[in-house]
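# Topology and contacts: notes
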There are 4 protein chains.
Amino acid sequence: MSPISSVEFEKKRAVSRKKIIDTALMLFGSNGFANTSISQIAKEAGISKGLMYNYFESKDDLLEKVILETVESMQGFYLEFLEEADARKMLLKMIDFTVEFLKTEKEFNVLLTSLGLQKESHPIIKKIASEKINQLMPLFLTKMNDAGIPDAENEIYIMGAVMDGLAVQYLTTEDEVHLMRVANALKKRYNLGNL
Amino acid sequence: MSPISSVEFEKKRAVSRKKIIDTALMLFGSNGFANTSISQIAKEAGISKGLMYNYFESKDDLLEKVILETVESMQGFYLEFLEEADARKMLLKMIDFTVEFLKTEKEFNVLLTSLGLQKESHPIIKKIASEKINQLMPLFLTKMNDAGIPDAENEIYIMGAVMDGLAVQYLTTEDEVHLMRVANALKKRYNLGNL
Amino acid sequence: MSPISSVEFEKKRAVSRKKIIDTALMLFGSNGFANTSISQIAKEAGISKGLMYNYFESKDDLLEKVILETVESMQGFYLEFLEEADARKMLLKMIDFTVEFLKTEKEFNVLLTSLGLQKESHPIIKKIASEKINQLMPLFLTKMNDAGIPDAENEIYIMGAVMDGLAVQYLTTEDEVHLMRVANALKKRYNLGNL
Amino acid sequence: MSPISSVEFEKKRAVSRKKIIDTALMLFGSNGFANTSISQIAKEAGISKGLMYNYFESKDDLLEKVILETVESMQGFYLEFLEEADARKMLLKMIDFTVEFLKTEKEFNVLLTSLGLQKESHPIIKKIASEKINQLMPLFLTKMNDAGIPDAENEIYIMGAVMDGLAVQYLTTEDEVHLMRVANALKKRYNLGNL
DNA sequence: CATGAATGAGCCTTCATTCAT
DNA sequence: GATGAATGAAGGCTCATTCAT
């Protein structure tokens, strides 16, 4: 009969919240945002529809939080390959990471790409996209220049396109064999095989 | 007085039909299929809601026809670069074509990509995607092998990814400067500048 | 090139009109008034939708004309058994006629019965129903009294119910065997077998 | 404060559900299924349109449930006259019951009869109709044979038709006087007056 | 904190009816 | 007369959101 401590309350809240976020990510990614209903998420997450609105202001708010928090939860992981000093090793890590990321976080990637394609996409999406360009690109460039890779800027543009192409191809076809084939082609091309 | 000739009816039909298809393509591409209502299409096309159903069986049918007929209308244009005998010239044409295609048919490309990302995408989308892989790839390979380009298969995989990456980047950011930059990087890379 | 004579016009009109009425009766009877569209009738009748409104003011008007003209076209036929002098022979004729009428004019009977059941049924329906009671019943009564049939009034009420029951049972089940069985039971009951 | 108990929810549900079923029966019976809109039912029942779909999957489902549950609610009542050992008493009860049933459950009877007349009537209707024939008829026959009523089979066919005729006449005309007249004629005919 | 009944706007679709030709 | 394109009201249904309990 003793009242549950506020700590325990917080824990329960966190668990429910995460459950909702995870379920929403899965469903948004699989079926699309518009084709996923709040009822469906609630049922799948094992909570009531009303409770959803205790955690999130609206369906749009839920989407925002889903993206924001999923991005955040991958933060450390996401850029770890940047810490690699050797440029070629970094490329290798980036390729391997991207492949892994696509395979394990398919729904998230589908969701992000889909939203990015919409004219009036959420500001968050634009922010995430611009970060990739504005933060990552310069870092790459410096590192590749330092490594004496010729025409580094051009290569980076191409590399960026390749990685995005890799993603959209895999997300569209779910063809893992093709994914690996392209990844290996890249490694060969940049002589990353023996690292 | 005299009854309308069937030719005249046909003409009227063609006009209205085209207006609907064009409007639908634009809106589907801009806002997504699910976020575009029939009312919206009708209003934008300047016709009544009901007329839609005089030409298309359902919203799904409209989507199908939009894609099918847009693809068809680009048919000749679409693969013209394949007729280029010289492999490097072909690459150049392909790049230029892709850039042009992305810029002039933005909505169509957004629509196609979005639909491709959906788990249960329309059969047409799958068909279009598979055609690209199964028909184009072998043709490229032969031509590039003939041209004595080393590691042709690898290059093709990479090229394919680059083109898709180019597309998704442009469709997402609408950044034409970036588009040209990547295109130029590609041309430089494959020494296509002087052709 | 000579203009069609007005007589021929009238003939054509009459043919088209009858075609519409017949088709409408069939469809109204089979699928119900509400479930039959003007388009369906026009297509089935082989004319254009617009032409329909050249012959009938509205769908309701068409219904009215369908009933009115179908009733009319059966008029002579309909009451011919009343002219039979002998009461028992008249009963026999009435039974046989009813059976025949149900089998050959199924749609009409279904339509009429259905409409009769609706609270706000067309005045015509009410008129037809009341005619049956107010005109036929007395005639029967006189004849049966004259024939010395005991308790004639009671018998008439029962007979009326039996005939309507026969109808609704057949129209509901389409079971011809049952129809004949009841008809024969009636004939046996009133000793009409040897006439 | 405290969450609503499931018992209370159940109670609320039952109230709303019944309100819908009752209203639907009334309107379907009065105006016909096709002429009754969900909006109309909702307005009449004092609920919102959407709530309907919280209880019934579709308009068709509602119809099915209306019929099924109305039949069920009359179950005991419905066949009680069969338990009467004496054949003539049974007939008397059946007549009285039918009259009562027609008067108190007019809408239900209208609805059932109307649906039965439709070519593609709901399976439930067919089931109900066939039950009447396949279950009731044999029971009657046995009882009347036991009672030594001559020509029992014929009489039953006639009786069945009479009862159905009684129904359709009353449902069509709403003429209670006529209903009683036919009922009394029947009682006289089978000498049921002194029971 | 939690539930799900209830709402109502908005969606896709049908169809009687009109009208330019 | 004849056609069928065009209209718009209305119908069935879904779903984000609110709220009594």
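Residues numbered from 1 in each chain as written. Chains lettered and ligands numbered in written order. Predicted model: local features only at pLDDT ≥ 70, side-chain atom pairs only at ≥ 80, totals over all residues. Heavy atoms only, no water.

### A word on the interface of chain A and chain B
One widely used convention gives an interface's size as the accessible area the parts lose upon coming together. With 34 residues of chain A at the contact, the number on the chain B side is 35 residues. Each partner contributes to the roughly 3,400 Å² buried at the junction of chain A and chain B, and carbon and sulfur atoms together form 59% of this total. Interface area lost by chain A to chain B is led by L117, Y157 and R189 of chain A, which between them contribute 21%. On inspection of chain A and its partner chain B, the count reaches two salt bridges. For E155 of chain B, the salt bridge is made with R189 of chain A, and the minimal N-O distance between the two is 3.0 Å. For the pair chain A and chain B, the interface holds eleven residue pairs in polar contact (both at pLDDT 80 or more). Listing elements by their share of the side of chain A that touches chain B, those giving two or more residues are helix 6 (106-117), helix 8 (152-173) and helix 9 (176-189) of chain A. (Contact = heavy atoms within 4.5 Å. Buried area = accessible area lost by both parts, 1.4 Å probe. Salt bridge = Lys/Arg side-chain N within 4 Å of Asp/Glu carboxyl O. Polar contact = N/O pair within 3.5 Å; in protein donor to acceptor, adjacent residues only side chain to side chain. Helix = DSSP H or I, 4+ residues; strand = E, 2+ residues; numbered from the N terminus.)

### A closer look at the protein's contact with DNA strand E
Around DNA strand E there are 37 residues in total, and R13 of chain A, Y53 of chain B, I38 of chain C together with R13 and Y55 of chain D lie nearest to it. The sugar-phosphate portion of DNA strand E accounts for 61% of its atoms within 4 Å of the protein, the bases making up the rest. K49 of chain B has a polar side-chain atom sitting 3.4 Å from a base oxygen of DNA strand E. A distance of 3.5 Å is found between a phosphate oxygen of DNA strand E and a backbone nitrogen or oxygen belonging to T36 of chain C. Put simply, the parts of the chain that give the surface near DNA strand E at least two residues each are helix 1 (6-31) and helix 3 (49-55) of chain A, helix 3 (49-55) of chain B, helix 3 (49-55) of chain C together with helix 1 (6-31) and helix 3 (49-55) of chain D. (Near = heavy atom within 4 Å.)

### Focus: the confidence of the model for chain A
Chain-level pLDDT for chain A is 88 on average; 95% of the residues reach the 70-or-more range. Per-element averaging of pLDDT across chain A places helix 7 (residues 123-146) of chain A at the bottom with 81 and helix 2 (residues 38-45) of chain A at the top with 96. (pLDDT = per-residue confidence, 0-100.)

### Considering the relation of the copies chain C and chain D
Once chain C has been moved 0.1 Å along the axis and rotated by 179°, it coincides with chain D to within an RMSD of 0.4 Å. Look at the turn and shift together and you get a two-fold axis relating the two. No C-alpha of chain C lies nearer the rotation axis than that of G165 of chain C, which sits 1.7 Å from it. Both copies share a contact surface, since 97% of the interface residues of chain C are interface residues in chain D too. (Least-squares fit on C-alpha atoms with pLDDT ≥ 70 in both.)

### Some thoughts on unusual backbone geometry
Residue and element names in this part refer to chain A. Positive phi, close to 55°, is recorded for D151, a residue that is not glycine. Along the chain, D151 falls in the loop between helix 7 and helix 8. We classify D151 as partly exposed; its relative accessible area is 47%. Even without being a glycine, N191 presents a positive backbone phi close to 50°. Secondary-structure assignment places N191 in the segment after helix 9. The exposure class assigned to N191 is exposed, which follows from its relative accessible area of 54%. (Buried < 20%, exposed > 50% of the residue type's maximum accessible area, 1.4 Å probe, protein only.)

### So, the packing of aromatic side chains
Residues and elements named next belong to chain C. Counted under the stated rule, the structure contains 20 aromatic pairs over all chains. Ring geometry for F28 versus F33: centroids 5.0 Å apart, planes at 65°, classification edge-to-face. Residues Y55 and F56 carry aromatic rings whose centres are separated by 6.5 Å and whose planes lie at 45° to one another, so their mutual orientation is tilted. By the burial criterion, Y55 is buried, and F56 matches it. Just above the ring of F33 sits the side chain of K59; from NZ or CZ to the centre is 4.4 Å. (Phe/Tyr/Trp six-rings, centres within 6.5 Å; stacked < 30°, edge-to-face > 60°. Lys NZ or Arg CZ within 6 Å of the ring centre and 35° of its normal.)

### Thoughts on helix 6 (residues 106-117) of chain C
With twelve residues, helix 6 of chain C should reach 16 Å at 1.5 Å per residue; the first-to-last C-alpha distance of 17 Å fits that figure. With eleven of twelve residues buried, helix 6 of chain C lies mostly within the body of the structure. (Expected span 1.5 Å × (residues − 1).)

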